[in-house]
Amino acid sequence: MSSHDSHAQGHHEMGFIRKWVFSTDHKVIGIQYAVTAMLFLLFGFFLILMLRWQLAHPNTAIPIIGGFLPESWANGGVMTPDFYNVIGAMHGTIMVFLGVVPLSVGGFGNYLLPIQVGAQDMAFPKLNMASYWVFFIGGVIMFASFFLPGGPAANGWTSYPPLSVVAQNGQTMWLLGMVFLITSSLLGSVNFIVTGVQLRTKGMSFFRMPLFVWAQLVTSFLLLLAFPPLEAAGVLQLMDRVFGSSFFLPSGLIVSGEKLTVSGGGNPILWQHLFWFLAHPEVYVLILPAFGIVAEVIATNTRKPIYGYQTLIYSMVFLGFMSFFVWAHHMFMTGMGTNLSNFFQATTMIISVPSVIILTTLLLTLWGASIRYTVPMLFALAFLPMFAIGGLTGLPLGLAAADIHLHDTYYVIGHFHYVVAPGTLFGLFAGVYHWFPKVTGRKTNVALGKLHFWISFLAINGVFFPMFFQGMAGVSRRLYDPMVYAHVAHSQGLTVLSSYCSFILGAAQFLFLANIIYSAFKGKKVESDNPWESTTLEWATATPPPHENFPTPLEVFRGPYEYGLTPKGYSPQHLQEA
Amino acid sequence: MIVIPYVDKPHPLTGVTNAKFGIWLFLASEVMLFGALFSTLIILRTGSANWPLGSTELNVPLATINTIALITSSVTIVLAWASLKMQQIGRFRVYMALTLLLSAVFLVIKYFEYTHKFEHGHFPSTSTFFAIYFTMTGLHGIHIIGGMIVNAYLMGPGSAMWKKNPEQFTGRVECAGLYWHFVDLVWIFLFPSFYLL
Amino acid sequence: MTETTSWMPADAFAPRTAESPYGWGLPLNISTHGAGIDQLINILHWFCLALFVGWGLYFLYCLVRFRARPGHQPNPMLNHFKLPTFLEVGVAIFEVAILVFLAAPVWGSYKNDFPDEKDALVVRITAEQFAWNVHYPGRDGKFGKTDINLIDGTNTIGLDRNDADAKDDIFTINNLHIPVNKKVIAYIHSKDVIHSFFLPVMRVKQDAVPGMTNKVWFEANQTGSFEIACAQLCGNSHFRMRGQFLVDTPEAYQAFLVEEEKALSEASQ
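Residues numbered from 1 in each chain as written. Chains lettered and ligands numbered in written order. Predicted model: local features only at pLDDT ≥ 70, side-chain atom pairs only at ≥ 80, totals over all residues. Heavy atoms only, no water.

Some remarks on the overall build of chain B
- The secondary structure content of chain B amounts to seven helices and zero strands.
- Each helix and strand of chain B, placed in order from N terminus to C terminus, yields the pattern α-α-α-α-α-α-α.
- Overall, the C-alpha framework of chain B stretches about 60 × 35 × 25 Å when taken along its three principal axes.
- Expressed as a percentage of the 197 residues in chain B, the buried residues total 50%.
- Across chain B, the fraction of contacts at a sequence separation of at least 24, relative to all contacts at a separation of at least 6, is 75%.
- Summed over all atoms, the accessible surface of chain B reaches about 8,800 Å², with 73% contributed by carbon and sulfur.
- Charge separation in chain B, taken as the distance between the mean sites of 11 positive and 8 negative side-chain charges, equals 10 Å. (Helix = DSSP H or I, 4+ residues; strand = E, 2+ residues; numbered from the N terminus. Buried < 20%, exposed > 50% of the residue type's maximum accessible area, 1.4 Å probe, protein only. Contact = heavy atoms within 4.5 Å. Areas by Shrake-Rupley, 256 points an atom, 1.4 Å probe, with all protein chains shown as cover. Lys, Arg positive; Asp, Glu negative; His and termini not counted. Charge placed at Lys NZ, Arg CZ, Asp CG, Glu CD.)

Structural data, given as structure tokens:
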């Protein structure tokens, strides 16, 4: 295992490459992750905007962009069904594995976890660097697949075989890319857990850790234990594709009128079990870090302690644990009998309880508060009702009988996007605005930030809320042309609404980009190391934090959210006399 | 200057160093990886109408030799670690070399087994039995190679640390040993699953 | 191909009829088991709405009442409320109740209450990229042998016409006829990749998985012409894997059978 080599990381000046490219400093790695992830988020979002155009105006040329796309993607500017499926698959993959997780865990986690526990760096700094670069290679492979003849994977982010096994070469690249991304996550999560457990500074007991740290630790355990089965599944699918094995191919397949020449004997449902065994915990990997961020922002801006701090921790741990036992609720329609489905329905109902508790505790924190409507607080507050909608709509999907009608419809898309888009992404926006002054030493523009919030908030609801009506109407996912089915064409008005809201949402993100890019270089300098008057340790160090975070190790004297107990209004963790 | 605590001393709460904690976590994820593959094996096998008997398809005597080689190598790597505990770096090198030798024996035998199968036209595409056999033993083989690289490094250039920080070096060898035991353990499950049952 | 319909069709929320079965929200239900599913979906949404409105009102109240302003102090001592705990327990009890008393029985009936094959119409539905092959056993009620080696452009299910049971078998493409008020058992299977057999008006959905045969049953209580949809991504033409689902009067169904039989005998001459 890697260990610290004190000579290489002395206090002397380092060259540009050592400092910004192959850095072992968790803060630089965090920024690298965050910037890479945000670029991928933009790319994934841009892809889906093209798809929304096709849905709103089927078989009409995509304005401007259509002309630049190769013939096989956009015929005379009109999106082809193949490219539609490419977007469907790659949007999901990019947003989940290259966007949200690297930003929330790789970016925020890397930057904040060591500082918040009072450590000088991660337990294994070189391993940390390796995990970023392995992630980077995975991202490059995924991106490069766009330049393959035949294009990238086009079989949904779930890559169900046999479709994915008989598909074009893009799928092989997808699997290779996934193997790298999974490996990166594993290295990262080992590092996070060891750092969080072993490197806490004096006085930082487990129940004095900020909720963000707890969220990252639970997330790391999920990544550590849930990702390997997908890695195994990825290897098996690679074997099927490259070496002609039949893990996921049953005997007697006839594809396009030709008998497939494989040994057969495999099981396509096996992939789904292995995939969802990861992909359900993955949902909590997506949401928990955002919970953590929202909890920090809410505590700071309500000026009072988080309600039920320990309850929240127990709920998160229980949520993480239970997330390993619900995966097959994604598979009710595969021909599952009543015993198995009753088990998974029951576990799904159980897992909704800690989610409700988490939401309730955050809502109760507002009671008796003194709410400062800062930009990060707006995003954090919006997270609560948005996550509530996402969570509540999971209920009909988690019951097999209701799922008969709703499975694989737009209802599902609406449900999980409410969790991850106005949910997680809003949490991440809150985090960016909240910690931006600490990371760069400069403030973001408040007016632009508020404009960004309000447009995004209204537009994103316009994108996803109509999907519930469409899903109830039975509109299936992944339909290239919405005019083929009568029951789909009936809600075309909603599709158009949804699409135009997504264009507005896209435009609003330029406000965000302009704000953070301008502010990073020209923004107003912060006057204090603790501009929000916060209590946790990242605000106790210089701005931006020095290479070793804390020149002398701090001691912690109290819990993370002691607000409003003294006339000053907040009691930083590291000050003996509040 | 950055100081990372518990690099060579155990943490008072967990009782382990960072590296040892890390390797246990890594092994937990490895358990999930091979666990998923063993589950796959069970599902494919129970779903198959004519799963072949391992002992008729595969070479049991060779695999038995391999099992003995790996178990012995687990013993020698413990002896290597114990030598360090007794401050005997020379004996450490001898036992580490033995470990490497035994793992090389394992790989050579595996190589002959594989080529023999290929000559007889048995490939991953032949049947799901051979597909899962090649996948799992192949992945296990990659783990062996990874372990050998680490062990060779610790025996060679990595042992320079012994002079600077013997405690940390001993800790590293212990971690390598833990990993090696895991790889050995996987084989102890693979052997009966494919060859005997 | 874009139609010039108004943004919101007049029947978006109108009562569903056989002539106008679709809109925004649940389509017409013509199955006997679908009422339970619809009831479940409706109860769950009312429950969600009640919770959301409750939370929302409280939330908005807090946002206004507890806003930071000169002279307003936060109260850090509020750290125990009893009411939310009761609400939590209430939510949990509701979930258990709905699972045990509604969701599980509806699902159990859908999965287990198969009619006797003698009393039902039995069909085999074989999905392929990108069509639904429907195989009827014919007058004898017995399916003829099928063999994948016989599959070609016209014999899409590989039916062996030399088999005695196969002589009167009928198969259609993208066309499922069933008689009204008769239970139907469908064996669902796929030739190539995973598809999903979806009848929106029947509240029926079943994945068609290659290498497996799944079984569903349903009974329609209204006639009309509806749609079969594919609900699982199955390739680049997934979007047009549309079939017709026709619920006929007993007379119309007989007429359909007679016509198919006539076509069959003409073809064999």
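Here's the deal with the interface of chain B and chain A
- Opposite the 39 residues of chain B that make contact, chain A presents 46 residues.
- Around 3,400 Å² of area is buried between chain B and chain A when both sides are counted, 73% of it from carbon and sulfur atoms.
- The largest share of the area that chain B buries against chain A comes from Met1, Ile2 and Ile4 of chain B, three residues that together contribute 19% of it.
- Put simply, chain B and chain A have six residue pairs in polar contact (both at pLDDT 80 or more) between them.
- Elements with a minimum of two residues in the side of chain B that touches chain A: α1 (18–46), α5 (128–155) and α7 (166–196) of chain B.
- Element by element, the count of residues in the side of chain B that touches chain A is highest for α1 of chain B, at 16 residues.
- Residue composition of the side of chain B that touches chain A, by class: 25 nonpolar, 13 polar and one charged. (Buried area = accessible area lost by both parts, 1.4 Å probe. Polar contact = N/O pair within 3.5 Å; in protein donor to acceptor, adjacent residues only side chain to side chain. Nonpolar A, V, L, I, M, F, W, Y, C, P; charged D, E, K, R; others polar.)

Examining the interface of chain A and chain C
- The interface is formed by 99 residues belonging to chain A together with 91 residues belonging to chain C.
- Carbon and sulfur atoms supply 69% of the area buried between chain A and chain C, which totals about 8,300 Å² over both sides.
- At the boundary of chain A with chain C, the tally comes to zero salt bridges.
- Inspection of the chain A/chain C interface yields 32 residue pairs in polar contact (both at pLDDT 80 or more). (Salt bridge = Lys/Arg side-chain N within 4 Å of Asp/Glu carboxyl O.)

Digging into the pattern of salt bridges
Residue and element names in this part refer to chain C.
- For the structure on display, the rule yields 15 salt bridges over all chains.
- Two residues, glutamate 227 and arginine 242, come together in a salt bridge whose shortest N-O distance is 2.6 Å. Here glutamate 227, found in strand β9 (residues 224–230), pairs with arginine 242, found in the loop between β9 and β10 (243–248); they are 15 residues apart in sequence, far enough to count as distant.

Some words on the environment of phenylalanine 108 of chain A
Residues and elements named next belong to chain A.
- Note on placement: phenylalanine 108 falls in helix α3 (residues 81–116).
- Classification of phenylalanine 108 as buried rests on a relative accessible area of 9%.
- C-alpha of phenylalanine 108 to C-alpha of leucine 288: the two residues are 180 residues apart in sequence and 12 Å apart in space.
- Leave out the neighbours within four places in its chain, and phenylalanine 108 touches Leu103, Leu113, Phe212, Ile293, Leu428, Gly431, Val432 and Trp435.

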